[in-house]
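Observations on the model geometry
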Amino acid sequence: MRIPNRKNGQFSVDLETNLASLKLDNPVMTAAGTSGHGAELSAFFDLSKLGAVVVKSVSAYPWPGNPGPRLAPLAGAMLNSVGLAGPGIGAWAKDYLPGLRQAGAKTIVSIWGKTVEEYAEASELLAGRLDGIVAVEVNVSCPNLKAKSEIFSHSARATRAVIEAVRPIGIPIFAKLSPNTHSVAEVAEAAVEAGACGVTMINTVLGMSIDPLTASLDLGGGGGGLSGPAIRPIALRAVYELKRRIPEIVIIGVGGISSGRDALAMMLAGASAIQVGTATFSDPKAPLRVLGELTELCARLGISRLSDVVGYAPKGMKITSAVETLSDMKAEDR
Ligand code: DHB
């Protein structure tokens, strides 16, 4: 394998990531709801090494969530209906935030609510505790709430109202969007106009699983949200199409990423940063592994500044020596 642009045996890759007003050391994050409430992952690796840690969605008040079973493993995917169970921001901040601070994590807090007012309350409660918190991810796309609330991000108007309600918090805001609608671009535009720095996409894909032998649903909540490798092409296409339609938008790409190659593909499609979620269930070190693989892949491809590749796919790969290196790598795969 030839490594292009090696100087003194080293090829350094600049991983710095700019998400509008939020600067991160690298683009790899955890995905909300896939690694506990916060600090649990620090038992497996140094959380300060990631670009950011996105915690499980938390609301203003405690919420019991849905009945079990809450998870159903499927081929190449996972279906879940947790129903946003959580302790509420007060208890979360007391029990989990100190561990994140101690680990040096750049924390992004995912918040949710059943109404616009509840989102406002969640952001007000968070506003007094921002030490170590670098941004808010507003989950407007949970598929598993049975209440009257629709999925907020199926409506540009509802998404705008939620982001406006959260905006007074004064730190960068990202809106986490649903793939289960045709109006992703309108919703994304509304989120940014309302004050979001960018969007995180995609949340899980609506799905269901039935055991034919017992004629029962696999999840206690009924339907659920599908995640994992099976949804990666859906996420990639959603990111690609949004970036082509709104080139200046900042996108955090998420959906089935479990390797450095998956991460690079998502960035080529248009994501400025990426999140690793379901992969963490089978490999708790997956986010850090993906970061290592992505860095090594950049070195092999001669990508000296990772941010240069964001949205590159429509133009084709013309990065230094990439064609030669890629053919070497394809040969290795055979
Ligand atoms: C849940 C929330 C989500 O945003 C999601 O994508 C899947 C599941 C939940 O808590 O049920």
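Structure first, text after, so check above.
Residues numbered from 1 in each chain as written. Predicted model: local features only at pLDDT ≥ 70, side-chain atom pairs only at ≥ 80, totals over all residues. Heavy atoms only, no water.

**Here's the deal with the site of the ligand**
Keep this limit in mind: Nearness is judged by heavy atoms alone; a residue qualifies as near a molecule or strand once a single heavy atom is within 4 Å of it. Under this definition, polar contacts are N or O atom pairs within 3.5 Å; protein pairs additionally need one hydrogen-donor-capable and one acceptor-capable atom, and for neighbouring residues in sequence, both atoms have to be side-chain atoms. Under the convention used here, a 1.4 Å probe and the Shrake-Rupley method define accessible areas, while residue burial counts only the protein chains that appear. Space inside and on the surface of the protein is sampled on a 1 Å grid over the protein atoms alone, with a cavity defined as a set of points where a 1.4 Å probe fits but cannot get out and a pocket as an open set with protein on both sides within 12 Å along at least 5 of 7 lines; lining residues have an atom within 4 Å of a point. Pocket occupancy is defined atom-wise: a molecule lies in a cavity or pocket when more than half of its atoms are within 2 Å of its grid points. All residues other than Ala, Val, Leu, Ile, Met, Phe, Trp, Tyr, Cys, Pro, Asp, Glu, Lys and Arg, Gly among them, are scored as polar; the first ten of these are nonpolar and the last four charged.
Looking at the ligand, the residues that line it are N80, S81, V82, G83, L84, N139, C142, P143, N144, N203 and T204. Residue V82 places a main-chain N or O atom 3.0 Å away from an oxygen atom belonging to the ligand. The contact in question runs from an oxygen atom of the ligand to an N or O atom on the side chain of T204, over 2.7 Å. Alone, the ligand offers 290 Å² of accessible surface; in the complex the protein occludes 89% of this. Of all the cavities here, the one that holds the ligand is the largest pocket. Split by residue class, the shell around the ligand holds four nonpolar, seven polar and no charged.

**Quick word on the pairing of strand β10 (residues 198-201)**
Convention followed: A 1.4 Å probe rolled over the protein chains alone gives each residue an accessible area, and that area as a share of the maximum for its type sets the label: buried under 20%, exposed over 50%, partly exposed in between. Numbering of helices and strands runs from the N terminus; a helix is a DSSP stretch of H or I covering at least four residues, while a strand is a stretch of E covering at least two. Strand pairing is assigned whenever DSSP detects at least two bridges linking the two strands. Crossovers are marked right-handed if the path from the first strand over the helix to the second runs clockwise, as seen with the strands pointing away from the viewer.
What you see with β10 is no split at all: G198 and T200 on one side and V199 and M201 on the other are buried throughout. Here strand β9 (residues 173-176) pairs with β10 via three bridges, running parallel. Bridging from a neighbouring strand, A175 pairs with V199 of β10. Traced from β9 through helix α5 (residues 184-193) to β10, the parallel crossover comes out right-handed. As paired elements, β10 and strand β15 (residues 251-254) share three bridges and run parallel to each other.

**Remarks on a nonpolar patch on the surface**
The following threshold applies: For patch building, the residue pool is restricted to those with more than 30% relative accessible area and no salt bridge; the joining distance is 9 Å between like charges and 5 Å between nonpolar side chains (Val, Leu, Ile, Met, Phe, Trp, Tyr). What counts as a salt bridge is simple: a side-chain nitrogen of Lys or Arg found within 4 Å of a carboxyl oxygen of Asp or Glu.
Taken together, the side chains of M208, I210 and L217 make up a nonpolar region of the molecular surface, amounting to roughly 300 Å² of accessible area. With respect to the element layout, L217 can be found in strand β13 (residues 216-217).

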